[in-house]
Amino acid sequence: QVQLVESGGGLVQAGDSLRLSCAASGRTFRTYAMGWFRQAPGKGREFVATISLSGGRTYYADSVKGRFTISRDNAKNTVALQMNSLKPEDTAVYYCAARWQVISTSSSDYNYWGQGTQVTVSS
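With that settled, the discussion passes to the overall build of the chain. Assigned secondary structure in the chain consists of 0 helices and 11 strands. Taken from the N to the C terminus, the helices and strands of the chain come in the order β-β-β-β-β-β-β-β-β-β-β. What you see for the chain is a C-alpha radius of gyration of 13 Å, in line with the 14 Å of a compact globule of 123 residues. Seen through its principal axes, the chain has C-alpha atoms that stretch 40 × 25 × 25 Å. Put simply, the chain has 123 residues, and 42% of those count as buried. Across the chain, the fraction of contacts at a sequence separation of at least 24, relative to all contacts at a separation of at least 6, is 58%.

Positive phi is not limited to glycine here, since Ser85 has a value of about 50°. Within the secondary structure layout, Ser85 lies in the loop between β8 (78-83) and β9 (92-100).

Here the focus is the nonpolar core. Formed by 33 residues in total, the largest nonpolar core has its most connected members in Met34, Trp36, Val79, Leu81, Met83 and Tyr94. Here the element with the most residues in this core is β9; it accounts for 5 residues. What Val79 contacts, discounting residues up to four positions off in sequence, is Leu20, Ser21, Cys22, Phe29, Met34, Trp36, Ile51, Ile70, Ser71, Arg72 and Cys96.

It is worth spelling out the pairing of β8 at this point. As paired elements, strand β3 (residues 18-24) and β8 share 6 bridges and run antiparallel to each other. Looking at the pairing, Leu18 lines up with Met83 of β8. Sheet topology places strand β7 (residues 68-73) next to β8; 6 bridges connect them, and they run antiparallel. Paired with Thr69 across the two strands is Gln82, which belongs to β8. Joining the antiparallel neighbours β7 and β8 is a turn of 4 residues, in which Asn77 adopts a positive phi near 55°.

Rules used throughout
- Residue positions are given per chain, counted from 1 along the sequence in the order it is written.
- It should be noted that, the model being predicted, local features are given only for residues of pLDDT at least 70 and side-chain atom pairs only at 80 or more, the latter also being counted only at that level, while totals for whole chains, interfaces and linings use all residues.
- For side-chain calculations, the full set of non-hydrogen atoms in the structure is used, while hydrogens and water are omitted.
- Counting from the N terminus, the helices are the DSSP runs of H or I reaching at least four residues and the strands are the DSSP runs of E reaching at least two.
- The globule rule used for comparison is 2.2 Å times the number of residues to the exponent 0.38, while the radius of gyration itself is calculated over C-alpha atoms.
- Here the term buried applies to any residue with accessible area under 20% of the maximum for its type, exposed to any over 50%, and partly exposed to those in between, with areas from a 1.4 Å probe on protein chains only.
- Throughout, a residue-residue contact means that at least one pair of heavy atoms, one from each residue, lies within 4.5 Å.
- Put simply, buried Ala, Val, Leu, Ile, Met, Phe, Trp, Tyr and Cys residues joined by side-chain atoms within 4.5 Å make one nonpolar core.
- Only when DSSP finds a minimum of two bridges between them are two strands counted as paired.

This is how it looks when you write it as structure tokens:
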């Protein structure tokens, strides 16, 4: 079992940067592919980024490609999402998720979820 705790959300202005972090419990972190998803008010959960076990492969939603970077530190059991050039449409609750072994862009494939952290971008 994996427990995930996100941090780093907040209120920023358009064009600013923000770094989200997700801390995972357990000694098997390196066996989980990790993902970030987001959910805006009145909308479904949306894929943002995902990273493979070793960090060698990453995938991004088209809407964040070139602005967001996902990374992981298996020694510290953490995964991060660096968000640059933020836009008002990036406003959402951001969730960290873990999936056994195989990288995926589908939220239904993920087994474990954090509680979410709010990101609000003002124009």
